[in-house]
Amino acid sequence: MSKIKIKNICCIGAGYVGGPTMAVIAYKSPEINVNVVDISEERIKQWNSKDLKNLPIYEPGLAEIVSATRDKNLFFSTQIDKSIENADMIFISVNTPTKTYGIGKGQSSDLKYVELCARNIAKVAKNNKIVVEKSTLPVRTADTIKKILHNSVSNVKFDILSNPEFLAEGTAIDDLLKADRVLIGGESNQSGKNAIKALSSIYENWIPKEKIITTNLWSSELSKLVANAFLAQRVSSINSISVLCEKTEANVDEVSRAIGLDSRIGSKFLKSSVGFGGSCFKKDILNLVYIAKSYGLDEVAQYWEQVVLMNEYQKNRFTKKIITTLFNTVSDKHITIFGWAFKKDTNDTRESAAIKIADELIEENAKIKIYDPKVSKNKILTDLNLLKSRDPKINEDSISVYDSPYDSVKNSHAIAILTEWDEFIDYDYNKIFDLMVKPSFLFDGRRIIDKNLLEKIGFKVYKLGE
Ligand code: NAD
Ligand code: UGA
């Protein structure tokens, strides 16, 4: 059996997964050259920027690792063909968004970027390659990639592996360094086994061998979708209970604690919120729903679709709560939003609850003032405009974005906390109260503030889930 020694890696896609994952591989494998390539010149320029504050992604610990490896054995470029040609192993780490057109619109994954990568690899490859699916893909995608590669080139052998990524944003570096498990799916023939070994030996540089698990290709692809579906299901489950808590004087954190101490349930992912966001939960569940439907499994599809519907309900009822509490109208009232990112410690805003809630409030003619420590005005406007709810000019006139939380609350009728940034807990709420219109309302969609303390100051407080 010939052992494959990987010397050169190419990763196609320099995004939230490709960037941090390859930085950690380079950091832990100094003998391997890691080339991260992307079609976006802008993104690559940011990855190469001297000032590490300008990296395209904010992620605790990332800048330090990039600084230790960049231009030593970690390189960012737009030279996709050259990088593919030189690589022994190629990671496909491009985006796989929900399809916005044609068959499967609104549910199925759009695999056009993945297919483009496969065609590009087929066009350029001159020697044997291991191709690794790092993107989250529908079960059996490896079959498509294999067909494209094997029908395009005759004298080159390709082994396809599935190696889904489980990192969460905001904790990506920690998740990569101390992964609960690494999953590698591959074929059971000798060539497949050698490929699995080659990838496994890279992770073994820092992950204990017993945490690297191998499966067939299809179990690996499906497990990634199922992991996200189960995590999102827990959030929707506890959010459904938050509504019941509000009706019954129960407290959702107390319920979470009480059930989470049962070791069969476990305490994680039971934090009730204004709804889960992020680029993947909704898209991956909808993809699971689409796959189930395509096999005629309607009951399975409906079961999982409910997780997404509950999430939409949770966001929508939060907006309604603001409107009814503010005497049934927010027209021309100023509402300050604390937090635009979909969770703390990231600058990512994809599917953030804040987008939907701000959009619904603008529809009611509210004026929205926004403060987020890591998200720019440009990004906020782009997020709102992408919804196509109205003329972009109206969006621009309806929002103002601030660098200071205190400036953002001047003359506001209400504050809505939509991201759980730690700094929101420690603000001087006496000062904030003084700056606001009276009565001053605070809607805590993340359950981070001390309700009693704020009520003592004079705020009218709604804390979701109690
Ligand atoms: P992203 O949008 O941040 O990055 C994808 C990058 O791929 C972009 O920079 C884009 O320009 C580039 N790209 C697209 N097509 C290309 C091509 N043909 N050639 C070269 N570059 C190309 O996406 P992401 O968040 O990094 O997600 C990537 C994949 O990883 C998705 O399938 C996602 O579901 C999965 N995933 C994401 C996370 C996460 O936390 N974001 C975690 C686990 C898995
Ligand atoms: C999630 C998974 O946790 C990762 O394992 C997975 O790799 C990734 O999706 C992916 O495939 O993209 P991520 O979306 O980055 O990671 O962040 P999470 O920590 O999972 O949070 C998702 C959303 O759920 C956030 O809006 C968060 O605020 C919310 N959430 C999470 C809650 O409302 N309550 C909780 O108890 C946990």
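Conventions and cut-offs
- Residues numbered from 1 in each chain as written.
- Chains lettered and ligands numbered in written order.
- Predicted model: local features only at pLDDT ≥ 70, side-chain atom pairs only at ≥ 80, totals over all residues.
- Heavy atoms only, no water.
- Near = heavy atom within 4 Å.
- Polar contact = N/O pair within 3.5 Å; in protein donor to acceptor, adjacent residues only side chain to side chain.
- Areas by Shrake-Rupley, 256 points an atom, 1.4 Å probe, with all protein chains shown as cover.
- Helix = DSSP H or I, 4+ residues; strand = E, 2+ residues; numbered from the N terminus.
- Nonpolar A, V, L, I, M, F, W, Y, C, P; charged D, E, K, R; others polar.
- Buried < 20%, exposed > 50% of the residue type's maximum accessible area, 1.4 Å probe, protein only.
- Pairing = 2+ DSSP bridges.
- Right-handed = clockwise from strand over helix to strand, strands pointing away.
- Core = buried A, V, L, I, M, F, W, Y, C linked by side-chain atoms within 4.5 Å.
- Contact = heavy atoms within 4.5 Å.
- Phe/Tyr/Trp six-rings, centres within 6.5 Å; stacked < 30°, edge-to-face > 60°.

> Mind showing me how you'd approach the site of ligand 2 here?
Taken together, 20 residues surround ligand 2, and among them Phe166, Leu167, Ser273, Cys280 and Arg446 come closest. A distance of 2.8 Å is found between an oxygen atom of ligand 2 and a side-chain nitrogen or oxygen belonging to asparagine 228. Serine 273 is positioned with one of its side-chain polar atoms (N or O) 2.6 Å from an oxygen atom of ligand 2. Here ligand 2 has 700 Å² of accessible area as a free molecule, and 89% of this is covered by the chains. Broken down by element, the residue count for the shell around ligand 2 peaks at four residues, all from helix α9 (residues 217-248). For the shell around ligand 2, the per-class residue count stands at 11 nonpolar, three polar and six charged.

> I keep staring at the pairing of strand β13 (residues 441-444) and nothing clicks. Help me out?
Residues in a regular strand project their side chains so that they alternate between the two faces of the sheet. Burial along β13 is two-sided: Phe441 and Phe443 and Leu442 and Asp444, pointing in opposite directions, are all buried. By the bridge criterion, four bridges tie strand β12 (residues 414-417) to β13 in an arrangement that is parallel. The partner of isoleucine 415 across the bridge, within β13, is leucine 442. Note on the crossover from β12 through helix α17 (residues 429-435) to β13: the handedness is right-handed. Note: β13 against strand β14 (residues 460-463), four bridges, orientation parallel. Note that in β14 the partner of leucine 442 across the bridge is valine 461. Crossover handedness for the path β13 to helix α18 (residues 451-457) to β14: right-handed.

> Is there a simple way to explain the nonpolar core in this structure?
Within soluble globular proteins, side chains that are nonpolar tend to cluster in buried spots. One finds Phe318, Phe338, Trp340, Tyr429, Ile432 and Phe459 to be the most contacted residues of the largest nonpolar core, which totals 52 residues. Of all the elements, helix α13 (residues 353-363) adds the most residues to this core, at seven residues. Excluding residues within four positions of it along the chain, isoleucine 432 makes contact with Phe338, Tyr406, Val409, Ile415, Tyr427 and Phe459. Counting residues in hydrophobic clusters, the runner-up holds 43 residues, among them Tyr16, Val24, Val132 and Ile207.

> Sorry if this is basic, but what is going on with the packing of aromatic side chains here?
Remark: the centre distance and the inter-plane angle together describe each pair of aromatic rings, the angle taken between the planes. Per the counting criterion, the structure on display carries 18 aromatic pairs. Taking the centre distance of 5.6 Å and the plane angle of 55 degrees together, the rings of tyrosine 203 and tryptophan 206 count as tilted. Accessibility classification places tyrosine 203 together with tryptophan 206 in one group, the buried group. Ring centres 5.8 Å apart and planes at 55 degrees place the aromatic pair tyrosine 406 and tyrosine 427 in the tilted group. On the criterion of sequence distance, the pair formed by tyrosine 406 in helix α16 (residues 405-408) and tyrosine 427 in the loop between β12 and α17 is long-range, its members being 21 residues apart.

> Would you take a moment to explain the site of ligand 1 for this structure?
Inspection of the region around ligand 1 gives 25 residues, with Asp38, Arg43, Thr96, Glu169 and Lys283 positioned closest. Aspartate 38 places a polar side-chain atom, nitrogen or oxygen, 2.6 Å from an oxygen atom of ligand 1. Within the backbone of threonine 136, an N or O atom sits 2.9 Å from an oxygen atom of ligand 1. Within the complex, the protein chains bury 91% of what would otherwise be the 840 Å² of accessible surface of ligand 1. Its residues assigned to classes, the shell around ligand 1 comprises 10 nonpolar, eight polar and seven charged.

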